[in-house]
Amino acid sequence: MGFYEDISDRYGPETTRQLKIWSNINNKLASARNRRIFLLECKRQGVIPKHIVGNLKNVMGLFEFSNGKLNRSLREFNDRTIRKILNLEISQVNYKITKLEVKKENILANLEHVPNSIIMEYSRRMHIIYNKNFHNIKTTNLKKINDLCMRKQNPVEIQERWIKNLTNKPLPTTVKNILSLGSKFSVPTTKKDIKVDNLIADLEYALLTVPEDRRDVLRARATNMITNFTHENNKSDTFIQKWYKDTKKFLKDNDDIIVLDSDKGGVTVIMEKTEYENKIQSLLDSKDFKKLPRDPTQSIQQKCNKYVSKMHDKGYITEQQAKKLKTYNSTCPRIYGNPKVHKPENPLRPIISSVNSPMTKLSELMADILKSAYNTENDYYIKDTFDFATQINNFQLPNNHKIVSFDVVNLFGNLDKNNIIRILEKKWETIQHHTKMDKDLFLEIIQYILENNYCTFRGKFYQQIFGCAMGSKLSPILSLYVMDDLLDECTKRLNFKVPFLKKFVDDIIAAIPEDQIEQTLECFNAYNKDLQFTIEKEDNDQGVPFLDTKKNHLIE
């Protein structure tokens, strides 16, 4: 006969029921007291349990404001609410523990008819079970606390593929962590980082681009934000700040290495500075560039300003537009390279930074005209992957056809200036509706910009004599016009009709008869000797839709 059966037989079933309730209360007390310790420790450590954060996110998801002030108010309300919920839950657990303890005392009072020896032995057993349960729950809660604290100290999960070290130097963990986050990651600003004089100067420069009637309002807002930030007690001892300080020191002590963005994949690349500079120099020593005897910035700036004056004199632009387009303190463009880590020997993709260059504003004006004139409804244009998925949905691949991908080798660098002018002349009938400029002046400005792409490196100056500069405002839209013309001309020369043909920048995807693929490639490559294509074939000759609409990608 078991313990509870024996008690029921000797003292009645009600006594057994009371003892079982005691056992249940014992387990609940072990859980509740641990819960109180866990919540109090969360409060002490300044961390928030996941269940509070998760539930509050569901509520806060109901609110969405485009107004920055309202969003700040929402965040402040969120922080206050989290603290109040945590305090409220601690009070609730305390109340629950008190209630369980009172209930336990009432049960002991109801067991006065049971011999003291039995009560003492049962209490001893309950104490052993309590300690065991308490220890198990405590171990779990300690792990939760440690995880929350670790997440607070280091909430960023770093992946190895985010960084590629091409040097022989090992990177400290903190340095590796922050560099892995990439160049677009923002490090929290502290009061020590703020140089008020420089900040005010930058603010005033930025306000020049704003309508005059709004400047005083924005100036007052900015002043208020700067004042509040410099007077508040912002902490600078976060883990990010530690990583940042370690990284600054490491890069200062190792000035023979350079940190770069990769060409594709969003990878941070660490290279030897000499290797990087030698690769840039080899590009500048190629046939695409020529060395200049001096810095042409001032002469190019004057020429661009003359073009602006000519547009104003002919009534093509207003006086206010002319003032905005003219430059007086431009700087020489600088060349840099992004390593192609997906290719052998990690070659560089050269990019000429045109920020504040003498041709920046004029290039932007011409690019805007060409963009507004460009027909995005043409048969080849794809805006993005979603647009691509929509266009090919339910497309049936004909029998004996294959999906073929063509890729232009170095599109921007191989655009021929004369070919560009020829294409723009063909498209002038459309372009003229989007500008007041006459054809001759428009093409003259385009020609001047294309012929005067230049840059500086190691104190020397170089002119790009072939192709368009990667980094110019004008290059992307010109490439669209060239690619459209290529497809128009090449499809006329093919002896078959292409059932599907789309392009995205320098990539072309088409459905081609299996026995005509090489001929199509030859036709594309014959369009211009400098624009050469590579080809990749996708095997899919099932005569079924080649788009998996559920996954939105091509079926392999």
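Look up: the structure comes first, before these words.
J.: An account of a positive patch on the surface is needed here, citing residue identities and associated values.
T.: A cluster of like positive charges, contributed by K28, K96, K99 and K103, occupies part of the molecular surface. Ranked by residue count, the leading element in the positive patch is helix α4 (residues 68-110), at three residues. If you trace the backbone, K103 turns up in helix α4. Under the relative-accessibility criterion, K103 is labelled partly exposed at 46%.

J.: Account for the pairing of strand β10 (residues 500-504), with residues named and values stated.
T.: Across the five residues that make up β10, a large majority, four, are buried. Bridge analysis of β10 against strand β11 (residues 507-513) gives five bridges, and the strand direction is antiparallel. Bridged to F500 within β11 is A511. Hairpin connection between β10 and β11: a loop of two residues separates the two successive antiparallel strands, and V505 in this loop has a positive phi of roughly 55 degrees.

J.: Tell me what's going on with the nonpolar core, and back it up with residues and numbers.
T.: Counting 67 residues, the largest nonpolar core has M311, L370 and F442 as its most contacted members. Tallying contributions element by element places helix α18 (residues 475-493) first for this core, with nine residues. In this structure F442 touches M366, I369, L370, W428, I431 and M437, once residues within four positions along its chain are discounted. I25, I82, M126 and L148 belong to the second largest nonpolar core, which has 30 residues in total.

J.: An account of the packing of aromatic side chains is needed here, citing residue identities and associated values.
T.: Considering all chains together, one arrives at twelve aromatic pairs under this definition. Aromatic pair F395 and F500: ring centres 5.2 Å apart, planes at 45 degrees, arrangement tilted. Residue F395 is located in the loop between α14 (385-392) and β7 (401-408), and its partner F500 is located in strand β10; the two are separated by 105 residues in the primary sequence. By relative accessible area, F395 is classed as buried at 16%. Through a chain of ring-to-ring contacts, the aromatic side chains of F3, Y4, W22 and Y122 assemble into a single cluster. One residue, K20, lies across the ring of Y4, its end atom 5.2 Å from the ring centre.

Rules used in this analysis
- Residues numbered from 1 in each chain as written.
- Predicted model: local features only at pLDDT ≥ 70, side-chain atom pairs only at ≥ 80, totals over all residues.
- Heavy atoms only, no water.
- Patch = residues over 30% accessible without salt bridge, like charges linked within 9 Å, V, L, I, M, F, W, Y side chains within 5 Å.
- Areas by Shrake-Rupley, 256 points an atom, 1.4 Å probe, with all protein chains shown as cover.
- Salt bridge = Lys/Arg side-chain N within 4 Å of Asp/Glu carboxyl O.
- Lys, Arg positive; Asp, Glu negative; His and termini not counted.
- Charge placed at Lys NZ, Arg CZ, Asp CG, Glu CD.
- Helix = DSSP H or I, 4+ residues; strand = E, 2+ residues; numbered from the N terminus.
- Buried < 20%, exposed > 50% of the residue type's maximum accessible area, 1.4 Å probe, protein only.
- Pairing = 2+ DSSP bridges.
- Core = buried A, V, L, I, M, F, W, Y, C linked by side-chain atoms within 4.5 Å.
- Contact = heavy atoms within 4.5 Å.
- Phe/Tyr/Trp six-rings, centres within 6.5 Å; stacked < 30°, edge-to-face > 60°.
- Lys NZ or Arg CZ within 6 Å of the ring centre and 35° of its normal.

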